[in-house]
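Now for the letters of each chain:
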Amino acid sequence: MKKTLLKATSFLLGVGLVFQSAVATAAPAKDNTYQKPDQWKMIEPGAGGAFFAVGAGPTGIAVAAGDLSGPYISYDNGKSWETRGTAEGILYHTHFSMVGFDPEDERSIFVGAEDMMYKSDDKGKTFYPILSEDWDPFKRTGTFKVVRDLKPGEIGTKYKHPLQDVHDRWADEPFEDGALLYFNAMTFSKSNPNIGYTAAHSDWEGTDAIIFKTTDRGETWSPVKAFINEYDQDGKLVKFLQDKRVQKVVVDHKNPNIVYILSQTDGFTGSRGAGRGPQNAIYKSTDGGVNWTLVGGDMLTYNISSTIPLYNNDGSAVYTVNSDGNAVAMTRNSGSITEPRFVRNMLDIEMDPVDPNILYAVKGARGSTSIPGNGVYKSTDGGSTWKLIDNRIGAIKLKAVDNDPDKTIVRRIIFNGWEGTSEANTKPENRSYPQVWESTDAGATWTQVASPLNFTFGGITHWYSSMSAYSKTIATSMADPDVYYWGDGQWVYMSDDGARNFRSAGSTVHHEDEDGKWYTTTGVSNVVSFTLKVSEADPNIVFIGNADIGLWRSLDNGRSWQHANEHGYIADWVYYGGQAQAIALDPERPNVVWAGLGGAYVEQLMIKSTDYGKLGTWKSSGEGLPKTNTRGSQTGSALRGLSVDKTSPTNNRTLYVVANDIVFKSVDDGETWKESLNMRAVLGKKPYPYQSDYRADRQAATAVDHTDGNYVYAGGADGLFRSNDAGTKWEQIGGSEFAGVQKIVISKQNPEHVYAAIGQVYDEDSGDLISSPGLYRSTDRGANWELILEDEFLRGFDVNPHDENIIMAGSSNVFMSGGTPESDGALLTVDGGKTWQQVNEGLSWPFVRDVEFNPHDPSQVFIVTPGTSHHVRYFDFSKYKDELKSLQSLLDQYVASGEVNGPLVNQLSNSLDQAIHQFNKGSNKQAVKKIEDFLKHLNNPPKQKNVTSDAKEKLNKAAEALIQAWSK
């Protein structure tokens, strides 16, 4: 977090273009039931992204595994949810794909990520990693164990590194060693809970299934079977087996040695497995997972009319070897074929809860297929023979009745995804799916018990689809066979009445008024969030922009939300969602809002509402803006950095926006726009290829001086610019190190003070980093700059409008797709950037995209958190102004994270305790001496192994600030 003084380089750019004081309404009253002073609280409508696994344990504790923000846990039957991340013990990736439960012990919960497994001993409050000291990623041998005493530096030394993927086909130089495994499924034996099975693969798109087994209730895991290719002694491929993607494990509830697995395609594996995706089939083991045979059913003969891969009768693939030595599936597209009935297209399998010899299986395809034999099948002899009991497909769920297998209730839940884009299809009565059919006589007869009319949407209309495997979409609670959780490509749903009705588990109705229903989150989010704006005219008005769920408005300070995705401006989303990154609220007219809205990130259209953003009131407001990028059915531009000139006439505003790296200006309230600055052209660069480079994280910003509209600032991926004449002429300030402008803020206390956030930008030819990421401040309108926060993952920030010494910055190394946390999250300074500290209480992940202070009551702060949507918090900034508390907080933080460890912990703690004691006695000189002792210990060369360089730098700075304060 170094400070650097920069002299701005400038040159004049000739091209084409005003602001007024705000009128304030009363700020919303502080409400600790809405937000707490000590931690962040999630606020949003109940958003969603892809969920890859759901489940509920023996007492009903539910877990939903998200692809962006880890596992979500509910302790009250899905009414509310809590996130789990680095703050709770998760070490690396945010993408989770597996949940597992001990059938008797509610405390034991397992989750699987795209790199490793974790176990919780306390009902999911905290998690411990499951690591290996001896994993061989080529032979697939070794043992994994729960590690509860992990020390800094042991991963990659004592334990094999779970981020090192030796099979990564995308890597230029794959690792030679590592223990990365992608986990998909886990089931424990009910008759002997010491025994359990889990399925893993070598990476997120792997089809080399590995079956692990535990005999000590999940404390250790060892592989019992790896579905990997077999070669002869000359290295020639003799059997192709790497086409298994195991999504479900079923264990005989009386004999733990009998196990079934279902291999099935998911959203990641369409082209793996010899180029034709994984096999969709069921396999059985009778010896504890060591050997497996195809559950094939009888032989089926039929004529084919489309290309399909071929299988042998034992389920193995028919293949040939290409010139590179790789297996390639052999296919046929015509003629007659004879094969085991269940060798392909298997959707689900369930075991009768009373008699383990009775199995139900589903064959079929979600789309159209020419392969016959679709339907629900039943076996009464452990899968040896099968009988078709219904010709419709669906996910199968079972419920025991009177301990009589002839009375077992069989439920078939049919979901088929997208059903068209017409307005009519937003209405449940016009949809065909989902459906629920039930049999109360073990499959003999069926009755439809639910239709789309029984499915309650959350805050936005939704199509029921699945990113995970079909068989993992819906899970039965182990505590109650009438409770189901449904996790799909966008949301989490649940039923607690035997699938008669499903409702959103992530979004709930907050209230209803003349504008319709307003929604709020239950805590399960998993959404990519872009921006949040609070109205200067009325702080109760808040707008948020997101990926997929688009544009939303709140009229009660973020307590409840209603979507504003106007039909006609959201491309192929039509009525279902959208994308919004640019939002501006009029500083004096609370009813007026402008936004860039689209179906994707690069074809957005400018729209305007004069009725608080209410759906149906948005009109086109973008004449003159480029329409060069097409995604789906819409053509527009990448709109970023929308701002309003506060000094312009109230009813005829001047606005600025960046569209495809070009600054545009409007002088008629956003009705028409003219080019003001082409940032790439003036630098001699060609237009950026937005049409082919589908990126959301290429940011831009504009800002207008609130006292003098002649001063305008604009920037983007190519640099920072300033105009002194309302956009007629521009000069570049800062040079190439200021490439990657994320946000620009002008101090409300002194308009000569300008702040700019710079992110990472790489040279388009060499790939080298050319920007200098961090937060910069100028005290002379951009002539000179000082680096006040060095952070390679800086995304956004805001300056307290009442006290510019108070700044909060957002650091996030993820933007769109989740990942491994490397960033600092929310960072706060109360001394103008001299010292910074993390304020991540209540955040599971250290990802903060942007920050907004409430302009009327800056003690209320909003942040944009990728993966977990948006958060709010009240701050008492006075307590952070105490340098002593700042140092104590930093030390506690680094000790907790392990960045300060070993004997140095006691040395620093003792010195600080003694300093506090002397300070409380009024002996400032003695207190300073104790802090000097603190610095000696911190900088003692033999102790450098006990402190990270980052922790050392920040502790040094905080201690020096304390000495300076006490020496006055």
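Model, not experiment: these values are computed from the prediction.

> I tried to follow the overall build of the protein on my own but got confused; where do I start?
Regarding its fold elements, the protein presents 4 helices and 72 strands. Taken against the 2.2 N^0.38 rule, which gives 30 Å for 968 residues, the C-alpha radius of gyration of the protein at 30 Å falls within 12% of a compact globule. In terms of principal-axis extent, the alpha carbons of the protein reach across some 85 × 65 × 60 Å. Relative to its 968 residues, the protein shows a buried fraction of 62%. Working note: accessible area of the protein is about 34,900 Å², and carbon and sulfur atoms make up 46% of it. Taking the average location of the 95 positive side-chain charges in the protein and that of its 121 negative ones, the two points are 1 Å from each other.

> Please clarify how the sheet that holds strand S70 (residues 850-853) should be interpreted in this entry.
Working definition: the strands of a sheet are paired by backbone hydrogen bonds and lie parallel or antiparallel to each other. With antiparallel pairing, 4 strands are arranged side by side in an open sheet as S3-S72-S71-S70. Only two strands of the sheet have a single partner each, and these edge strands are strand S3 (41-42) and S70. As defined by bridge partners, S70 adjoins strand S71 (residues 860-865) across 4 bridges and the pair is classed as antiparallel. When the sheet's bridge partners are listed, glutamate 852 is paired in S71 with phenylalanine 862.

> Explanation requested: unusual backbone geometry in the structure shown.
Residues other than glycine predominantly adopt negative phi, and peptide bonds predominantly adopt the trans conformation. Proline 434 follows tyrosine 433 through a cis peptide bond whose omega is 0 degrees. Within the secondary structure, proline 434 is located in the loop between strand S34 (409-414) and strand S35 (435-439). Of note in this structure, alanine 571 is not a glycine but carries a positive phi near 50 degrees. Secondary-structure assignment places alanine 571 in the loop between strand S47 (562-563) and strand S48 (579-585). Under the relative-accessibility criterion, alanine 571 is labelled buried at 13%. Here asparagine 660, not a glycine, exhibits a phi torsion of approximately 55 degrees, which is positive. Of note, asparagine 660 is situated in the loop between strand S55 (654-659) and strand S56 (662-666).

> In this structure, what is going on with the pattern of salt bridges? I would like to understand it.
Close approach of charged atoms allows side chains with opposite charge to pair. One pass over the full model with this rule turns up 50 salt bridges. Linking lysine 533 and glutamate 852 is a salt bridge whose minimum nitrogen-to-oxygen distance equals 3.6 Å. Taken together, the residues lysine 533 in strand S44 (residues 529-534) and glutamate 852 in strand S70 connect sequence positions 319 residues apart. A single network of salt bridges, built from pairs that share partners, joins Asp586, Glu588, Arg589, Lys608, Arg653, Asp669 and Glu671.

> Would you explain the packing of aromatic side chains in this entry?
By convention here, two paired aromatic rings are described through the distance between centres and the angle between planes. Applying the stated criterion to the full structure yields 32 aromatic pairs. Between tryptophan 135 and phenylalanine 144, the aromatic rings sit 5.3 Å apart at their centres with planes inclined by 55 degrees, giving tilted as the arrangement. With respect to class, tryptophan 135 is no different from phenylalanine 144; both count as buried. Relative to phenylalanine 268, the ring of tryptophan 204 has its centre 5.3 Å away and its plane inclined at 90 degrees; by these criteria the two rings are edge-to-face. Placement of the pair is tryptophan 204 in the loop between strand S14 (196-201) and strand S15 (210-214) and phenylalanine 268 in the loop between strand S20 (259-263) and strand S21 (281-285), with a sequence separation of 64 residues. The class for phenylalanine 268 is partly exposed, based on a relative accessible area of 22%. The structure contains a cluster of three or more aromatic residues connected by ring pairs, namely Phe415, Phe455, Tyr470, Trp486 and Phe502. It is arginine 148 that lies over the ring of tyrosine 128; its NZ or CZ is 5.6 Å from the centre. Against the face of tryptophan 446 rests arginine 412, its NZ or CZ located 4.5 Å from the ring centre.

> Is there a simple way to think about the environment of valine 542 in this case?
Inspection of the secondary structure puts valine 542 in strand S45 (residues 542-546). Among the residues examined, valine 542 registers a relative accessible area of 0% and is labelled buried. Put simply, valine 542 and arginine 559 are 17 residues apart on the chain and 9.7 Å apart in space, counted from C-alpha to C-alpha. Beyond its immediate chain neighbours, meaning those up to four positions away, valine 542 contacts Leu532, Lys533, Val534, Trp552, Arg553, Ser554, Asn557, Gly558, Trp561 and Phe862.

> I keep staring at the confidence of the model for the protein and nothing clicks. Help me out?
Note that predicted coordinates carrying low pLDDT should not be read in detail. Per-residue pLDDT for the protein averages 90, and the proportion of residues at 70 or more is 93%. Long-range and interchain partners of residues 1-25, a stretch whose pLDDT sits below 50, account for 117 contacts in this model, where long-range means more than four residues apart.

> Where do I start with the sheet that holds S45 in this structure?
One open sheet holds the 4 strands; their spatial order is S44-S45-S46-S47, and the pairing between them is antiparallel. Every interior strand has two partners, whereas the edge strands, S44 and S47, have only one. Inspection of the sheet shows strand S46 (residues 551-554) paired to S47 by 2 bridges, in the antiparallel sense. The partner of arginine 553 across the bridge, within S47, is glutamine 562.

> How should I be thinking about the side chain of serine 504 in this particular structure?
Within the secondary structure, serine 504 sits in strand S41 (residues 502-504). Engagement of the side chain of serine 504 in a polar contact is seen with the backbone nitrogen of glycine 506, the distance being 3.2 Å. Apart from residues lying up to four places away in sequence, serine 504 is in contact with Thr456, Phe457, Gly458, Val492 and Tyr493.

Reading the values: the criteria
- Residues numbered from 1 in each chain as written.
- Predicted model: local features only at pLDDT ≥ 70, side-chain atom pairs only at ≥ 80, totals over all residues.
- Heavy atoms only, no water.
- Helix = DSSP H or I, 4+ residues; strand = E, 2+ residues; numbered from the N terminus.
- Rg over C-alpha atoms; globule rule 2.2 N^0.38 Å.
- Buried < 20%, exposed > 50% of the residue type's maximum accessible area, 1.4 Å probe, protein only.
- Areas by Shrake-Rupley, 256 points an atom, 1.4 Å probe, with all protein chains shown as cover.
- Lys, Arg positive; Asp, Glu negative; His and termini not counted.
- Charge placed at Lys NZ, Arg CZ, Asp CG, Glu CD.
- Pairing = 2+ DSSP bridges.
- Salt bridge = Lys/Arg side-chain N within 4 Å of Asp/Glu carboxyl O.
- Phe/Tyr/Trp six-rings, centres within 6.5 Å; stacked < 30°, edge-to-face > 60°.
- Lys NZ or Arg CZ within 6 Å of the ring centre and 35° of its normal.
- Contact = heavy atoms within 4.5 Å.
- pLDDT = per-residue confidence, 0-100.
- Polar contact = N/O pair within 3.5 Å; in protein donor to acceptor, adjacent residues only side chain to side chain.

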